Amino acid sequence: MRSPIVFAAAAILSAANAQNWEIDPRHSTAQFSVRHMVISNVRGEFLKVGGSATYDPKNLKTANLEATIDVSSITTRDEKRDTHLKGPDFFDVAKFPTITFKSRSFSKTSAGLKILGDLTMHGVTKPVTLAVEGPSEEIKDSLGKQRIGASATLKVNRKEFGINYSKVLETGGVIVGDEVSITLDVQLVKK
């Protein structure tokens, strides 16, 4: 039987192997897609994504991820729609300027990782699971900084986060669907 000192030493060594990373906002985006009028998808993205991670592929118990999205950076390539999305009917940027994600646990999958965490949007926090492809192998950029990349996907019901805007069409469908598909593409730089 191992002594508590051996367990403590193993925990310290494991934490020492964990590496700290920062999300590179210039090379990271959060995209979304939602049904519009039941006939097509409207896509958009948030241009300002930031955050940090601690990651040791050999010990996922030490892994941690915190990400923040600046909601005012939303773009759907239509200024009028973007203004509406920033207003009280949708994100209400004046009251809720950010969307955040804080991880609770990491686990390995055949494609990469599964990250369980808390998503806070529009003042409501719900547990969600990110399906992560990656992270990639570390590479060194032209300035000598170590980088990794990953993509994550999830689906959320916007009404569960208090974003309830809806108008019914004459044909019975709704203008904006409830389910939103989200894709995060991030590059991280080793601190």
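So, how was this worked out
- Residues numbered from 1 in each chain as written.
- Predicted model: local features only at pLDDT ≥ 70, side-chain atom pairs only at ≥ 80, totals over all residues.
- Heavy atoms only, no water.
- Helix = DSSP H or I, 4+ residues; strand = E, 2+ residues; numbered from the N terminus.
- Buried < 20%, exposed > 50% of the residue type's maximum accessible area, 1.4 Å probe, protein only.
- Contact = heavy atoms within 4.5 Å.
- Areas by Shrake-Rupley, 256 points an atom, 1.4 Å probe, with all protein chains shown as cover.
- 1 Å grid on protein atoms, 1.4 Å probe; cavity = no way out; pocket = protein on both sides within 12 Å on 5 of 7 lines; lining within 4 Å.
- Points joined across faces, edges and corners; volume = space filled by probe spheres on them.
- Nonpolar A, V, L, I, M, F, W, Y, C, P; charged D, E, K, R; others polar.
- Core = buried A, V, L, I, M, F, W, Y, C linked by side-chain atoms within 4.5 Å.
- Phe/Tyr/Trp six-rings, centres within 6.5 Å; stacked < 30°, edge-to-face > 60°.
- pLDDT = per-residue confidence, 0-100.
- Pairing = 2+ DSSP bridges.

**Q** Lay out the overall build of the chain in plain terms, naming residues and giving numbers.
**A** Broken down by element type, the chain carries two helices and 12 strands. The order of helices and strands in the chain, counted from the N terminus, is α-β-β-β-β-β-β-α-β-β-β-β-β-β. The buried share of the chain, reckoned over its 191 residues, is 37%. Of the contacts made within the chain by residues no fewer than 6 positions apart, 56% connect residues no fewer than 24 positions apart. Just so you have it, the chain exposes about 11,500 Å², and 55% of that area is on carbon and sulfur atoms.

**Q** Before we move on, could you go through the layout of surface pockets and cite the residues and values that matter?
**A** Of the voids in this model, the second largest pocket is the one considered here, and its volume is about 260 Å³. Lining the second largest pocket we find 13 residues, and of these Y55, P57, S136, E137 and E138 sit closest to its centre. Here the lining of the second largest pocket is composed, by residue class, of five nonpolar, four polar and four charged.

**Q** Requested: an account of the nonpolar core, with residues and values cited.
**A** F46, L65, F91, I99, L119, L130 and V156 are the most contacted members of the largest nonpolar core, which totals 41 residues. Counting residues per element, this core draws most heavily on strand β11 (residues 146-157), which supplies five residues. Each residue touching V156, except ones within four places of it in the same chain, is listed here: L119, M121, V128, F161, D178, E179, V180 and I182.

**Q** If you had to explain the packing of aromatic side chains to someone new, which residues and values would you point to?
**A** All told, the structure shown has two aromatic pairs when counted by the stated rule. An angle of 85 degrees between the planes, with centres 5.7 Å apart, marks the rings of F46 and F91 as edge-to-face. Of this pair, F46 sits in strand β3 (residues 40-46) while F91 sits in the loop between α2 (79-86) and β7 (98-108); the two residues are 45 residues apart in sequence, bridging distant segments of the chain. The pair F46 / F91 is uniform in exposure class, with both members buried. Through a chain of ring-to-ring contacts, the aromatic side chains of F32, F46 and F91 assemble into a single cluster.

**Q** Tell me what's going on with the confidence of the model for the chain, and back it up with residues and numbers.
**A** Reading predicted coordinates in detail is not appropriate for stretches of low pLDDT. Per-residue confidence for the chain averages 83 on the pLDDT scale, and 82% of its residues sit at or above 70. Contacts from residues 1-16, a stretch scored under 50 in pLDDT, to residues over four places away or in other chains number five contacts.

**Q** Lay out the pairing of strand β4 (residues 49-55) with the relevant residues and their values.
**A** In the sheet, strand β1 (residues 19-23) pairs with β4 via four bridges, with the strands oriented antiparallel. What sits directly across from N20, in β4, is T54. Bridging between β4 and strand β5 (residues 64-70) involves six bridges; their strand directions are antiparallel. By the bridge assignment, V49 is partnered in β5 with I69.

**Q** Tell me about unusual backbone geometry, residues and numbers included.
**A** Cis geometry marks the peptide bond from G134 to P135; its omega dihedral reads 5 degrees. Take P135: it is sitting in the loop between β9 (124-133) and β10 (139-140). Unlike most non-glycine residues, R77 shows phi in positive territory, near 70 degrees. As for its position among the elements, R77 is in the loop between β6 (74-75) and α2.

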